[in-house]
Amino acid sequence: MFLRKKEKQHTLDMKRIPQHIGIIMDGNGRWARRRGLPRTAGHKKGADNLEHIADYCASLGVKALTVYAFSTENWARPQDEVDTLMQLMYDYLLTVEKKFAGRDMRLKISGDRSRFSDKINHAIDHAEEVTASGNGMVLNIALNYGGRDEIVHAAKMVAERVKNGTCCPEEIDETYFAQFLYTADLPEVDLIIRPSGEQRLSNFLLWQAAYAEFWYSDICWPDFKDRNMRQAILAYQRRDRRFGGVK
Ligand code: IPE
Ligand code: IPE
Ligand code: MG
């Protein structure tokens, strides 16, 4: 009886899988430091882990996975770390065509691309193009992304439309505004996960987090496995989402 109950508690409800999950891929540096390795080794291991977790999420039927890979504030890190992160991004983008073949996944990059080199921007265009027909999960990588920056960027686009007469201020509501966010073509974010023990958003999905559920874990991102993802989804499925109403 006890076992059956326990088993039941640990079974995912496949009808209530979060449609859109956000992950703040944090803790690469600490993972490396604890092993006496350079921080860059943690970033490499973290990048490898993304592939496993993305596959696991896709296998569950998650529609979109947004992962925070580089924030608008991460430029403040030592130049050699920024350079390594840029190189890792570039290397990853070059492997996308091969990696995504047969995976039915679409790659999307969200963030301010103006600070990236032409080389990286071309690699982004190419990676998005060759995966564009993927109808399964969207893997949305947030690069030079900041929630505040995203909102300012959207506000500028709305202002431009008001200026050229294609929109009047009375038309602007939350739905209108949200079409200018990077996530406009994705479902609402249901769950945000932050490994590494920190309990803050660090400028991730500020608008989209409005009614998302949060889940924190002390495990650093490179060690974050399918079973941890499962735990997060199980916790999500136990939550009572009221959206300001009464149940
Ligand atoms: C996340 O790991 C990766 C990026 C922010 C690019 P960190 O590099 O922040 O790792 P910690 O938080 O220092 O352990
Ligand atoms: C958030 O982590 C950004 C990414 C994981 C890409 P940080 O490590 O930059 O955040 P803080 O500095 O701990 O808030
Ligand atoms: Mg960190």
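Preceding this section is the structure that the text describes.
Residues numbered from 1 in each chain as written. Chains lettered and ligands numbered in written order. Predicted model: local features only at pLDDT ≥ 70, side-chain atom pairs only at ≥ 80, totals over all residues. Heavy atoms only, no water.

Where do I start with helix H3 (residues 39-60) in this structure?
With 22 residues, H3 extends 32 Å from end C-alpha to end C-alpha; this agrees with the ideal 32 Å at 1.5 Å per step. Here H3 has its buried residues at Gly-42, His-43, Gly-46, Asn-49, Leu-50, Ile-53, Ala-54, Tyr-56, Cys-57 and Leu-60. Buried residues along H3 sit against strand S1 (20-24), helix H2 (28-33), strand S2 (64-71), helix H4 (79-100), strand S4 (138-145) and helix H8 (226-238). At the C-terminal side of H3, Gly-61 shows a positive phi close to 95 degrees. (Helix = DSSP H or I, 4+ residues; strand = E, 2+ residues; numbered from the N terminus. Expected span 1.5 Å × (residues − 1). Buried < 20%, exposed > 50% of the residue type's maximum accessible area, 1.4 Å probe, protein only. Contact = heavy atoms within 4.5 Å.)

Teacher, can you tell me more about the site of ligand 1 here?
In the vicinity of ligand 1, 13 residues are found, and the nearest of them are Asp-26, Gly-29, Arg-30, Arg-39 and Arg-77. Contacts to ligand 1 include Gly-27, whose backbone N or O atom sits 3.4 Å from an oxygen atom. Here an oxygen atom of ligand 1 and a backbone polar atom of Asn-28 are 3.2 Å apart. Burial of ligand 1 by the protein amounts to 87% of the accessible area it has alone, namely 380 Å². If you map ligand 1 onto the pockets, it falls in the largest pocket. (Near = heavy atom within 4 Å. Polar contact = N/O pair within 3.5 Å; in protein donor to acceptor, adjacent residues only side chain to side chain. Areas by Shrake-Rupley, 256 points an atom, 1.4 Å probe, with all protein chains shown as cover. 1 Å grid on protein atoms, 1.4 Å probe; cavity = no way out; pocket = protein on both sides within 12 Å on 5 of 7 lines; lining within 4 Å. Sits in = over half its atoms within 2 Å of the grid points.)

Would you explain the site of ligand 2 in this entry?
Around ligand 2, the neighbouring residues are Ile-24, Met-25, Asp-26, Tyr-68, Ala-69, Phe-70, Asn-74, Arg-77, Arg-194, Arg-200 and Ser-202. One nitrogen or oxygen atom from the side chain of Asp-26 is found 3.3 Å from an oxygen atom belonging to ligand 2. Between ligand 2 and Arg-77 there is a distance of 3.2 Å, counted from an oxygen atom to a side-chain nitrogen or oxygen. Look at ligand 2: alone it shows 390 Å² of surface, and the protein chains cover 77% of it. Here ligand 2 occupies the largest pocket. By residue number, the principal contributor to the shell around ligand 2 is S2, which donates three residues. Residue classes in the shell around ligand 2 are distributed as five nonpolar, two polar and four charged. (Nonpolar A, V, L, I, M, F, W, Y, C, P; charged D, E, K, R; others polar.)

Just to check I follow, could you spell out the sheet that holds S2 for this structure?
Two modes of strand pairing occur in sheets, parallel and antiparallel, and in both the strands are linked by backbone hydrogen bonds. Here we have six strands laid out as an open sheet, ordered S3-S4-S2-S1-S5-S6, and parallel in their pairing. The open sheet has two edge strands, strand S3 (106-110) and strand S6 (213-216), and neither has a second partner. Each neighbouring strand pair of the sheet contributes to a mean axis angle of 20 degrees, computed without reference to strand direction. Where strand S5 (residues 191-194) lies against S6, four bridges are found, and the strand directions are parallel. Residue pairing across strands places Ile-192 opposite Phe-214, the latter belonging to S6. (Pairing = 2+ DSSP bridges. Axes fitted to C-alpha atoms, helices over the stretch in contact; angles between N-to-C directions.)

Explain the nonpolar core here, please?
Looking at soluble globular proteins, one finds that nonpolar side chains tend to be buried together. If you look at the biggest cluster of nonpolar residues, it comprises 48 residues, and the most contacted ones within it are Ile-21, Ile-23, Leu-107 and Leu-139. Sort the elements by how many residues they give to this core and H4 lands first, with nine residues. If we ignore the near neighbours within four places in the chain, the residues touching Ile-23 are Ile-53, Leu-65, Thr-66, Val-67, Tyr-68, Ile-193, Pro-195, Phe-204, Trp-221 and Met-229. Grouped together as the second largest cluster of nonpolar side chains are eleven residues, Ile-24, Tyr-182, Val-189 and Phe-204 included. (Core = buried A, V, L, I, M, F, W, Y, C linked by side-chain atoms within 4.5 Å.)

I tried to follow a negative patch on the surface on my own but got confused; where do I start?
On the surface, a cluster of negative charge is contributed by Glu-170, Glu-171, Asp-173 and Glu-174. Position of Glu-170 relative to the elements: it lies in the loop between helix H6 (147-163) and helix H7 (174-178). Residue Glu-170 is classed as exposed on the basis of its relative accessible area, which comes to 68%. (Patch = residues over 30% accessible without salt bridge, like charges linked within 9 Å, V, L, I, M, F, W, Y side chains within 5 Å. Salt bridge = Lys/Arg side-chain N within 4 Å of Asp/Glu carboxyl O. Lys, Arg positive; Asp, Glu negative; His and termini not counted. Charge placed at Lys NZ, Arg CZ, Asp CG, Glu CD.)

What is the right way to read H6 from this model?
A turn of α-helix holds 3.6 residues, and therefore any two residues three or four places apart point the same way. The end-to-end C-alpha distance of H6 is 24 Å, a good match for the 24 Å that 17 residues give at a rise of 1.5 Å each. Those residues of H6 that fall on the buried side of the exposure criterion are Gly-147, Glu-150, Ala-154 and Val-158. The arc that holds every buried residue of H6, seen down its axis, measures 70 degrees, which confines them to one face. Of the residues in H6, the exposed ones pointing more than 90 degrees away from the buried face are Arg-148, Lys-156 and Lys-163. Of the surrounding elements, those touching the buried residues of H6 are S4 and H7. Downstream of H6 by one or two residues, Gly-165 has phi in the positive range, about 80 degrees. (Arc of directions from axis to C-beta.)

Limitation: the analysis is restricted to geometry and does not speak to function.
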